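Fold and geometry: a report
Next come the chains, spelled out residue by residue.
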Amino acid sequence: MAEIQIKNVAKRFGSYQALRDINLTIQDQEFMVLLGASGCGKTTLLRIIAGLETATEGEVWIGGRRVDHLPPKDRGIAMVFQNYAVFPHLTVFENIGFGLRMQKLPNDEVKRRVERTAGLMHIDQLLGRYSGELSGGQRQRVAVARALAMEPDVILMDEPLSNLDALLRMEMRAELKGVLAESNTTAIYVTHDQVEAMSMADRISVMHQGKIVQAASPIEVYRNPAAEFVAGFIGNPPMNFLPATPAGDGKWTVAGQILDGPSRTTPLHFAIRPEDLRPADTGLAAMVKVVEPLGAHLLVTCSVDGALFRAVLDSDLTVRRGDTLTLAPQPDRVRWFDPETTLAVA
Amino acid sequence: MNARVLPYVLILPVTAFLCLFFLYPFVLVAKQAFSTGDGFTLDNFRQVVGYWKFPISLQNTLLLAAAVVPVQLALALLMATMVNKMQRGRDLVLYVWTIPLGISDLAAGIIWLAIFEQSGFLNSMLSGLGVVDRPVNFLSYQHPGVVFLAIALAEIWRATAIMLVILVAGIGLIPKEYYEAAEVFGASPWKRFTRITLPLLRPSLQTALVLRVILAFEVFAVVLALGGTLFPVLMSETYAYQFDLLDSGAAAAMALIILAISIGFTLIILRALRVPKGATI
């Protein structure tokens, strides 16, 4: 059992505030992804959980035990590093067995565990090789196997797939998810790649400027972003925003159209995902600027009331540059944000 | 110019310089060593090896190297690790530690002579403290141990920095991530040093040891200043053949013997610290 609790964690590097008010509970055996742009503090948070960095304030609990004063080795964790950190002077076998040797496990136990995890990661043929003789993907597998061989309560991964090429990354993504699900460990996975986050996570924590903006399931983060930052960060292309002015009685004026919305008296931002727009008889008037046929669908970039607006439409439609489309937002998919706080409004 | 030819043209001056001032004299020395006036002979070698002082000077040289080099290696590793951990003032400390490198070996010998000689600092201190009632002549035949110790100390003081700078550069090349990985996977600071630093430092250790061991077999001025004729070493014997006995054939033979020993040890060091293919950083 390894539930992770992060309580009021803050980290300062000199005058730079890298993390503030981090409160997060990760369930036992949950796959949690920390997602954010570079510099948002996600790696710092991971390193604080690992014990490679000390928090300026706050507490870290793993499995009901406070660990922030403990060295990494006593926290029941294993880690996969961004550049793999596969020791160049040791063979694949000794790399995978490194942690087990440090625990002074008997030789046959080391051998058993190394061979089992190497089999799991399909690198049993490489046990005698050095890292200089391996490809990037193979090194990645060694790094994961080394972490799994520890049979840890928690496995921490710092952008483990970012150095692989696109095809390999997709392959490893699925494989890693499967292997981790079977190993029954709690996993924290840092990435800036939203596709990786969406496809692998049980829950995603979206981080921005040293804070967790939203922690929820991938579909929740996608459908109901808690803040404009999340709406603009998740989804490719991201959500569209338009200014909306109140027209009374829960009605709103958006680009000259009257739409239903929350009962408020201050201006809001109207938001809709590009794929939640349909050509219709009434709706937002959109001037088509660029048409990108992507095979499965059509990505149309237009201008609505002078603002940039994207729609993902059926690929059977004939749309040309300069056309004016009437796009109707699917009512249950419309979201509203307060421009003052940038937070979602129900 | 043709890109295939250019590299060779560029190294030509250095090659010519080395041929003229290194290879050519070397051939001359080799010729001298293997001849006595009438063709090829091993007489020079028989003569120098058969001389009663040869085993002593060989033994002294080896003993000195065996005493000095391991101490220097340990010290240099310790200092390099310390320097590498420093956040600020790292360069200043490195400069101070490398000052002895800027002093000629004879000057270094004289500095330590000033400490150990009969009217030296050590005697002044000891008599000031009342430990001795009159100055002791430490560097005399009655105290061979002290002579050896003084020479060893001077050598350690003088030439540890040469290993230090090589090792500092080498440690700097080891990515931090390896240490973090080792830490996460349970390696104590000592284990991180023995399991990560030392093996990944092998290329630098090779260079540092080869350089230092070769210098140890060429030890001369420090020994001369502190031990004089009390502590014969291979190099001082070579000097004696050339300038006291005016026997350049024997001196050349001695020089070649020192060279052979140096090459032998170099090969041993390279072999012992070799990095398997594919196992480099």
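The coordinates are above.
Residues numbered from 1 in each chain as written. Chains lettered and ligands numbered in written order. Predicted model: local features only at pLDDT ≥ 70, side-chain atom pairs only at ≥ 80, totals over all residues. Heavy atoms only, no water.

So, the interface of chain B and chain A
Accessible area lost when the parts come together is the quantity often used to give the size of an interface. Heads up, the rule is: The criterion used for residue contact is that any of the two residues' heavy atoms lie within 4.5 Å. Buried area is calculated as the accessible area (1.4 Å probe) missing from two parts once they are joined, with the contributions of both summed. When a carboxyl oxygen of Asp or Glu is within 4 Å of a side-chain nitrogen of Lys or Arg, the pair counts as a salt bridge. We call two N or O atoms a polar contact when they sit within 3.5 Å, provided that within protein one can donate a hydrogen and the other can accept it, with sequence-adjacent residues counted only if both atoms are side-chain atoms. A run of H or I in DSSP counts as a helix once it spans at least four residues, and a run of E counts as a strand once it spans at least two, with each numbered from the N terminus. Gly is put with the polar residues, along with every residue not named as nonpolar or charged; the nonpolar set is Ala, Val, Leu, Ile, Met, Phe, Trp, Tyr, Cys and Pro, and the charged set is Asp, Glu, Lys and Arg.
On the side of chain A, 26 residues touch chain B, which itself brings 22 residues to the contact. Carbon and sulfur atoms make up 69% of the area that chain B and chain A hide from each other, which totals about 2,200 Å². Contact with chain A buries area across many residues of chain B, yet Glu-177, Val-184 and Phe-185 of chain B alone supply 35% of it, more than any other trio. Counting every contact that joins chain B to chain A gives one salt bridge. Ionic pairing is found between Arg-47 of chain A and Glu-180 of chain B, a salt bridge with its closest N-O pair at 2.6 Å. Across the contact surface, chain B and chain A share three residue pairs in polar contact (both at pLDDT 80 or more). Elements that contribute at least two residues to the side of chain B that touches chain A include exactly α8 (176–184) and α9 (189–200) of chain B. Top element by residues in the side of chain B that touches chain A is α8 of chain B. It accounts for seven residues. Of the residues belonging to the side of chain B that touches chain A, the class tally is twelve nonpolar, three polar and seven charged.

A few points about the pairing of strand β13 (residues 257–260) of chain A
All names here are of chain A. This is how the line gets drawn: We call two strands paired when DSSP finds no fewer than two bridges between them.
Bridging between strand β12 (residues 251–254) and β13 involves four bridges; their strand directions are antiparallel. Pairing of Trp-252 across the sheet is with Leu-259, part of β13. Counted along the chain from β12 to the antiparallel partner β13, the turn is two residues long, and its residue Ala-255 has a positive phi close to 50 degrees.

Remarks on the nonpolar core
All names here are of chain A. Put simply, the test is: Side-chain atoms within 4.5 Å link the members of a nonpolar core, which is a set of buried Ala, Val, Leu, Ile, Met, Phe, Trp, Tyr and Cys residues. For every residue, the accessible area obtained with a 1.4 Å probe (protein chains only) is divided by the maximum for its type, and the residue is called buried under 20%, exposed over 50%, and partly exposed between those limits.
Formed by 133 residues in total, the largest nonpolar core has its most connected members in Ile-6, Ile-62, Ile-96, Phe-98, Ile-123, Leu-156 and Met-157. With residues up to four places along the chain from it excluded, the contact list for Leu-156 reads Leu-46, Ile-49, Ala-50, Ile-77, Ala-78, Met-79, Val-80 and Ile-188. One finds Ala-244, Trp-252, Leu-268 and Val-319 within the second-largest nonpolar core, a separate group that totals 25 residues.

A word on the sheet that holds strand β9 (residues 203–208) of chain A
Residue and element names in this part refer to chain A. As a reminder, the rule being used: Axes here refer to lines fitted to C-alpha atoms; in helices the fit is confined to the stretch in contact. Angles between the N-to-C directions go from 0 to 180 degrees.
Here we have six strands laid out as an open sheet, ordered β6-β7-β8-β3-β9-β10, and mixed in their pairing. A strand with exactly one partner marks an edge of an open sheet, and here the two such strands are β6 (77–80) and β10 (211–216). Adjacent strand axes in the sheet meet at a mean angle of 20 degrees when their direction is disregarded. Alignment of β6 against strand β7 (residues 154–158), held across four bridges, turns out to be parallel. Considered in β7, the bridge of Val-80 is made with Met-157. Taken strand by strand, helix α6 (residues 166–183) contacts β3 (31–35), β7 and β8 (186–191), and its axis lies near 165 degrees from that of β7.

Examining the sheet that holds strand β4 (residues 57–62) of chain A
All names here are of chain A. The antiparallel open sheet is built from four strands, whose spatial order is β2-β1-β4-β5. The sheet terminates laterally at β2 (16–26) and β5 (65–66), the two strands that pair on one side only. Where strand β1 (residues 4–13) meets β4, five bridges bridge the pair, whose relative direction is antiparallel. Directly across from Ala-10, in β4, lies its bridge partner Glu-57.

As for the packing of aromatic side chains
Cut-off, in case you're wondering: In summary, the pairing rule links any two rings of Phe, Tyr or Trp, Trp by its six-membered ring, whose centres are within 6.5 Å, and it sorts them by plane angle into stacked for under 30 degrees, edge-to-face for over 60 and tilted for everything else.
Tallied over the full model, the rule gives 20 aromatic pairs over all chains. With a centroid separation of 6.5 Å and an interplanar angle of 10 degrees, the aromatic rings of Phe-22 of chain B and Phe-26 of chain B are classed as stacked. In this pair, Phe-22 of chain B and Phe-26 of chain B are both assigned in helix α1 (residues 6–33), four residues apart and thus about one turn of the helix distant. By relative accessible area, which is 32% here, Phe-26 of chain B ends up partly exposed. Here a set of aromatic residues connected by ring pairs shows up, and it is made of Phe-87 and Phe-98 of chain A together with Tyr-178 of chain B.

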